[in-house]
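Descriptive structure summary
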Amino acid sequence: MAWILAATAFINRMGAMAKLFMAIYLRESLHLPLPTIGLLLAGYGAGTLVGAYGLGVLSDHVSPRRLAVACLCASGLGLLLLAQTSSVALLAAFLFVGGVADAGYRPVVQRLIMEACEPAERPRAQSLLRVAINLGFAVGGFFGGMLAGWDYRYVFWADAATSFAAAAWLAYALARIAPPVDAAATAKSTPSLDTPGASPYRDRVFLCLLLAALPLGMMYDQVNGLYGAYLREHHGLSPAWVGWQHGINGLLVALCQLPLTAWSQRYGVRGPVIWGCALMVAGLGMLPWVSGLAGVLASTVIWTVGEMLWMPTLGVIIMHRAEGRRSGHYFGMQSAMWSTSTLLAPLVGSRLYAAWGGDALWYAVLLAGIPATAVLAWAVGRIEQEALVV
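This structure is a prediction, so every number in the text was calculated from the model and none was measured. (Residues numbered from 1 in each chain as written. Predicted model: local features only at pLDDT ≥ 70, side-chain atom pairs only at ≥ 80, totals over all residues. Heavy atoms only, no water.)

This part takes up the overall build of the chain. Looking only at helices and strands, the chain has 15 helices and zero strands in total. Here the chain holds 390 residues, and the buried ones make up 51% of them. Here the contacts in the chain between residues at least 6 apart in sequence split such that 85% fall between residues at least 24 apart. Looking at the chain as shown, the accessible area adds up to about 16800 Å², and 68% of this sits on carbon and sulfur atoms. (Helix = DSSP H or I, 4+ residues; strand = E, 2+ residues; numbered from the N terminus. Buried < 20%, exposed > 50% of the residue type's maximum accessible area, 1.4 Å probe, protein only. Contact = heavy atoms within 4.5 Å. Areas by Shrake-Rupley, 256 points an atom, 1.4 Å probe, with all protein chains shown as cover.)

Here we take up the environment of A372. Along the polypeptide, A372 turns up in helix α15 (residues 358-385). A372 sits in the buried class, given a relative accessible area of 7%. C-alpha separation for the pair A372 and L211, spaced 161 residues apart in sequence, amounts to 8.4 Å. Once residues lying within four places of it in the same chain are set aside, the contact partners of A372 are A212, P215 and L216.

Next up on the list: helix α11 (residues 239-264). Helical periodicity: at 3.6 residues per turn, an α-helix aligns residues three or four positions apart in one direction. Under the 1.5 Å per step criterion, the end-to-end length of α11 is 35 Å for 26 residues, consistent within 8% with the ideal 38 Å. Along α11, the helix axis deviates most sharply at C256, where the bend reaches about 50°; the proline P259 sits within four residues downstream. (Expected span 1.5 Å × (residues − 1). Bend = angle between axes of the 7 residues up to and from the residue.)

Below, the discussion takes up the environment of A298. Within the secondary structure, A298 sits in helix α13 (residues 292-322). Residue classification places A298 among the partly exposed residues on the basis of a relative accessible area of 33%. Separated by twelve residues in the primary sequence, A298 and M286 have C-alpha atoms spaced 9.5 Å apart.

Moving on: the nonpolar core. In terms of nonpolar packing, the biggest core is built from 66 residues, with L209, L216, W310 and L376 touching the most fellow members. Here this core takes eleven residues from helix α9 (residues 204-221), the largest share from any one element. Those residues in contact with L216 that sit more than four places away from it in its chain are C277, M280, V281, W310, G369, A372, T373 and L376. M1, A68, V109 and L112 belong to the second largest nonpolar core, which has 25 residues in total. (Core = buried A, V, L, I, M, F, W, Y, C linked by side-chain atoms within 4.5 Å.)

Taken as a whole and assessed by the stated rule, the structure comprises eight aromatic pairs. Through a chain of ring-to-ring contacts, three or more aromatic side chains come together here, namely Y220, Y227, Y230, W303 and W362. (Phe/Tyr/Trp six-rings, centres within 6.5 Å; stacked < 30°, edge-to-face > 60°.)

Once that is clear, we can look at the side chain of S299. Along the polypeptide, S299 turns up in helix α13. The exposure class of S299 is buried, given its relative accessible area of 0%.

When two helices pack together, their arrangement is captured by the angle between the axes and the distance separating the axes. Remark: α9 packs on helix α12 (residues 270-285), axes separated minimally by 11 Å, with the N-to-C direction vectors making an angle of 40°. The orientation of α9 with respect to α12, classified from their angle, is oblique. Note that α9 runs across α12; the crossing there is left-handed. Facing L216, M219 and Y220 of α9, the residues of α12 in contact are C277, M280, V281 and L284. When the residues that make up the contact of α9 with α12 are grouped by side-chain class, the tally is seven nonpolar, no polar and no charged. (Axes fitted to C-alpha atoms, helices over the stretch in contact; angles between N-to-C directions. Parallel < 35°, antiparallel > 145°, perpendicular 65-115°, else oblique. Left-handed = near helix turned anticlockwise from the far one by under 90°. Nonpolar A, V, L, I, M, F, W, Y, C, P; charged D, E, K, R; others polar.)

This next bit is on a nonpolar patch on the surface. On the surface, L77, L80, L81, W150, Y154, W157 and F164 cluster together into a nonpolar patch covering about 690 Å² of accessible area. Among the secondary structure elements, those contributing two or more residues to the nonpolar patch are α4 (64-82) and α7 (152-174). L80 sits in the partly exposed class, given a relative accessible area of 31%. (Patch = residues over 30% accessible without salt bridge, like charges linked within 9 Å, V, L, I, M, F, W, Y side chains within 5 Å. Salt bridge = Lys/Arg side-chain N within 4 Å of Asp/Glu carboxyl O.)

Here's what the structure looks like:
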């Protein structure tokens, strides 16, 4: 199952380029104002929030295998429709549906891994999936930039084609896999929300952790939003070179994530979180001060290293915190936090960009990143003190 899902992720992510160029497409091809672009991208974020929760709950009642294939098909159809319209209302509707499909696929995949893999195998399965995603993402970034240089509609068509190909492969492969393990016994042993210490809603340290991670996630989400438009307008990069920034990011994660994680584990969890957040904030915040392609490349490498340090570590922390508790609620809140970040990032970013210019966006990253990193470090320290993370 892990290899099937990894292959699916690689096929799908090879074409996952439309979202990277969405802001540029809306601005340069459809000539929409920045506030409208921000609202459209926020609509996609709203869809991810609905999908992350809704399809996760629906997987209790509908086969996760069918849901996974349906999400990929819905994503492909939405991309085809996006390329055929310039109506703001239709763009908003298609982006919302795309967000539901994209985010809804994630908890379904996690459930498939949980049901198919023994506990000792799940970390390796997760690592394999992350590497496959980023390898595909690297390919998509490189080729997406070239396609965008010809016609932005080619980007949507290529993205839709890989979504349909991934759906076809997944349907074919899952038809030859043994039925997933019945999770009823696991569900019966799950503690009630009334059990002391079981609820994430009363876990103050965990809530502080999410509160600090939210603005940091919003900073990272600018890469998938106005980052490309900023590089075009302020650094004069071609669409191809904008795509290469995303490709380099994905390639670095694919090649370096596993060894970097193995190396950083010797320093516990607090160190990688602090250094990772600091490097990501510094890498993005340096964009107004660098010039030319070399400066942008240096920024990309720095914030990518930061991403590799703090994002996987945060997932490990939450996994340990959730163990023996209402883990579904913990993971649900974590997923909701990322979706909220996707929702808020374009709203805040587009208004900063429109009101004070592109540089103001990255100045805000520096100003907000320092206190957010401090709060996150405090929360992680408290969790370490409680001996819930080794």
